[in-house]
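Observations on the three-dimensional arrangement
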Amino acid sequence: MNYEITGVIAQVVNVELERGEFCWISPGGMVSFKGGIDWTMKVPGGISGALNRMMSGETLRMTYVQCKGRNGNVTFNNSLPGKVYPWDLKKGDIITTRGSFLGAVGDIDIKVTVAKKIGAAAFGGAGLILQTISGTGTVFVHGFGDFIEYDLAQDESLNVSTGNLSAFDKCVDYDIQSVGSIGKTLFGGEGLFMTKLTGPGKVLLQSMKKGSGGGAAMAALGAFS
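An account of the accompanying structure is given in this report. (Residues numbered from 1 in each chain as written. Predicted model: local features only at pLDDT ≥ 70, side-chain atom pairs only at ≥ 80, totals over all residues. Heavy atoms only, no water.)

**Quick look at the packing of aromatic side chains**
Where we set the bar: Working definition: rings of Phe, Tyr and Trp (its six-membered ring) pair if their centres are within 6.5 Å, and the pair is stacked with planes under 30 degrees apart, edge-to-face with planes over 60 apart, and tilted otherwise. Helix numbering and strand numbering both begin at the N terminus, where a helix is a DSSP run of H or I of at least 4 residues and a strand a DSSP run of E of at least 2. Between buried and exposed lies partly exposed: a residue is buried under 20% and exposed over 50% of the maximum accessible area for its type, with that area taken using a 1.4 Å probe on protein chains only. Charge-over-ring contacts are defined here by two conditions on Lys NZ or Arg CZ: a distance within 6 Å of the ring centre and an angle within 35 degrees of the ring normal.
Scanning the model with the defined rule gives 7 aromatic pairs in all. Seen in terms of ring centroids, Tyr3 and Phe140 are 5.0 Å apart; in terms of plane orientation they differ by 80°. Their pairing is edge-to-face. Of this pair, Tyr3 sits in strand E1 (residues 2–6) while Phe140 sits in strand E9 (residues 129–144), and the two are 137 residues apart along the sequence. Between Phe22 and Tyr64, the ring centres sit 5.4 Å apart and the planes meet at 35°, which makes this aromatic pair tilted. Taken as a pair, Phe22 in strand E3 (residues 22–25) and Tyr64 in strand E5 (residues 62–77) lie far apart in primary sequence, 42 residues in all. Residue Tyr64 is classed as buried on the basis of its relative accessible area of 13%. Put simply, the rings of Tyr3, Phe76 and Phe140 pair up and form one aromatic cluster. Across from the ring centre of Tyr64, 4.3 Å away, lies the NZ or CZ of Lys42, which sits over that ring.

**Some points on the environment of Ser26**
In plain terms, the rule: Here, two residues are considered to be in contact whenever any of their heavy atoms come within 4.5 Å of each other.
Note that Ser26 resides in the loop between E3 and strand E4 (30–42). When the C-alpha atoms of Ser26 and Phe76 are compared, they prove to be 8.7 Å apart, with 50 residues separating the residues in sequence. For Ser26, the residues in contact, after removing those within four places along its chain, are Met62, Thr63, Phe101, Leu102 and Gly103.

**Considering the pattern of salt bridges**
The following threshold applies: Only one rule defines a salt bridge in this text: a Lys or Arg side-chain nitrogen within 4 Å of an Asp or Glu carboxyl oxygen.
This model, assessed by the stated rule, comprises 6 salt bridges. The partner of Lys170 in a salt bridge is Asp93, and the shortest N-O contact between them spans 3.7 Å. Taken together, the positions of Lys170 in the loop between strand E12 (165–169) and strand E13 (173–178) and Asp93 in the loop between strand E6 (82–88) and strand E7 (94–96) put the pair 77 residues apart, joining distant regions of the chain. Its relative accessible area of 48% is what places Lys170 among the partly exposed residues. For Asp109, the salt bridge goes to Lys111, with nearest N and O atoms at 3.7 Å.

By themselves, these are just geometric observations and shouldn't be taken as functional.
Next comes the structure, spelled out in structure tokens:
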């Protein structure tokens, strides 16, 4: 099984599959396929997986793609402009925020994790429920705009603006941090709190917030490039 990530403004993933190999794709993400590819809508993890996905707010079913011929090719992407980051699960489990999981190759398990503190759910920007992806293979994470990567050391902290968090290593602690004074709250444009992430582990931020209007700007940029 091989893959290639191509594109600049709106990256896509091309996966080459051999007989019996399969991958998962976020609903609506498939662009094209050829060769001995067969696909269906399926719930990862069976009944327990269905309950987990319902809790996470993600679509219940995902696109399950399997190669039933000698070989095949499938291409998928996100409907929003942005970059794709390949996360090798050999590095450890990954936690994704809503809408950041694009797809995966290999034998994966998707579970729900709950933010450790209720404040993180109310003000952290990623919601109470996050998806934890484990197993063997590669997870493709979508970031709106460009990715900003941080490798946090032990006890090193990073404060993140609401909506810019895409994914992070499972061992990273997730909490909230007050912005401070009333003036910052009223005029800083970041609300009452920011997300606080504490290492060790990798953090993936997206440079543009979903729903911020940046998508239209990027689409216009693509039209003239």
